[in-house]
Amino acid sequence: MTLNIKFDYHTICKTVLKEQLDKLGVAYTIHSLGEIKFNDNLSADHKNELRKALEKYGIEILDNPQNVLVQRIKDAITTLVNDSDKAGKYNISTYLSETLNYSYAHLSSVFSEVTHSSIENFIILKKIDVVKHLIMDKNLTLTEIAHRLNYSSVAHLSAQFKKTTGLTPSSFQRIIKKRKEKGITP
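Quick caveat, the model's predicted, so the values are computed rather than measured. (Residues numbered from 1 in each chain as written. Predicted model: local features only at pLDDT ≥ 70, side-chain atom pairs only at ≥ 80, totals over all residues. Heavy atoms only, no water.)

(A) The arrangement of the packing of aromatic side chains in detail. The tally for this structure, following the rule as stated, stands at two aromatic pairs. For Lys127, the ring lying beneath its charged end belongs to Tyr151, and the centroid distance is 4.3 Å. (Phe/Tyr/Trp six-rings, centres within 6.5 Å; stacked < 30°, edge-to-face > 60°. Lys NZ or Arg CZ within 6 Å of the ring centre and 35° of its normal.)

(B) Broad picture of the side chain of Lys127. With respect to the helices and strands, the residue Lys127 is situated in helix H7 (residues 119-138). Although Lys127 is buried, it makes no salt bridge; Glu120 carries the closest opposite charge, 12 Å away. Polar side-chain contacts of Lys127 include one of 3.1 Å to the backbone oxygen of Leu149. Those residues within four positions of Lys127 in sequence are excluded, and the remaining contacts are Val81, Leu149, Asn150 and Tyr151. (Helix = DSSP H or I, 4+ residues; strand = E, 2+ residues; numbered from the N terminus. Buried < 20%, exposed > 50% of the residue type's maximum accessible area, 1.4 Å probe, protein only. Lys, Arg positive; Asp, Glu negative; His and termini not counted. Salt bridge = Lys/Arg side-chain N within 4 Å of Asp/Glu carboxyl O. Polar contact = N/O pair within 3.5 Å; in protein donor to acceptor, adjacent residues only side chain to side chain. Contact = heavy atoms within 4.5 Å.)

(C) Molecular detail of the pattern of salt bridges. Using the criterion set out here, one finds two salt bridges in the structure. Of the charged contacts in the structure, one is a salt bridge between Asp63 and Lys47, with a shortest N-O distance of 3.1 Å. Of this pair, Asp63 sits in the loop between helix H2 (44-55) and helix H3 (65-82) while Lys47 sits in helix H2, and the two are 16 residues apart along the sequence. In this structure, Arg51 engages Asp63 in a salt bridge whose closest nitrogen and oxygen atoms are separated by 3.1 Å. Here Arg51, found in helix H2, pairs with Asp63, found in the loop between H2 and H3; they are 12 residues apart in sequence, far enough to count as distant.

(D) Layout of the nonpolar core. Counting 32 residues, the largest nonpolar core has Ile73, Ile77, Leu96, Ile119 and Ile145 as the members making the most contacts within it. For this core, the secondary-structure elements that each account for two or more residues are H3, helix H5 (92-100), helix H6 (104-115), H7, helix H8 (142-148), helix H9 (154-165) and helix H10 (169-181). Counting residues per element, this core draws most heavily on H7, at eight residues. Excluding its chain neighbours within four sequence positions, the residues that come into contact with Leu96 are Ile73, Ala76, Ile77, Asn101, Tyr104, Leu107 and Ile119. In terms of nonpolar packing, the next biggest core, distinct from the first, is built from eight residues, Val16, Leu17, Leu24 and Leu50 among them. (Core = buried A, V, L, I, M, F, W, Y, C linked by side-chain atoms within 4.5 Å.)

(E) Representation of H6 in the model. For H6, with 12 residues, the first-to-last C-alpha span of 16 Å sits near the 16 Å given by 1.5 Å per residue. Taken residue by residue, H6 has Tyr104, Leu107, Ser108, Val110 and Phe111 as its buried positions. Take H6 and look down its axis: the buried residues cluster within an arc of 170°, on one side only. Its buried side turned inward, H6 meets H3, H5 and H7. Just past H6, the residue His116 takes up positive phi, approximately 60°. (Expected span 1.5 Å × (residues − 1). Arc of directions from axis to C-beta.)

(F) Summary view of a nonpolar patch on the surface. Nonpolar side chains collect at one region of the surface, where Met1, Leu3, Ile5, Phe7, Tyr9 and Ile12 lie side by side and expose about 820 Å² of accessible area between them. Judged by relative accessible area, which is 43%, Phe7 ranks as partly exposed. (Patch = residues over 30% accessible without salt bridge, like charges linked within 9 Å, V, L, I, M, F, W, Y side chains within 5 Å. Areas by Shrake-Rupley, 256 points an atom, 1.4 Å probe, with all protein chains shown as cover.)

Taken by themselves, the reported measurements are silent on function.
Set out below in structure tokens:
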């Protein structure tokens, strides 16, 4: 028997964090963009205990300030790309600068230094992930998807999709349709 499920990574992560933090018995607040504020300083023992507990779930405590900033950039981009209402209203450099309180030049420099890739490339990869999701789960047309993700045209979306995945969006749609017909979960 196969049971198909759908889940929200954000909700799962927040739930795991709450459970593990509550076990420590310390006062905290979980902020968006992967940040936890503690009312008092966290002892080294509590921090190690939390680190070990979170590692079981694939959650890592970031100590390097550059890595922290890169994760905040990634989280901000993911939030923006996944929110179709916001995505069309913002220029990415302005959004990141305002959200993270750094100049875009600084953010771009740190991101490139740590990841050996550009913010722009990360945005394209995130958008293509969303395109795949929308094709698989929402049955939207390419025109609707292009509009939702603020592409200038379907041709632009198609070109980025093909460059990133090696397939055209139409080919991807056909493959997903055939898999669904055969009962294969994409």
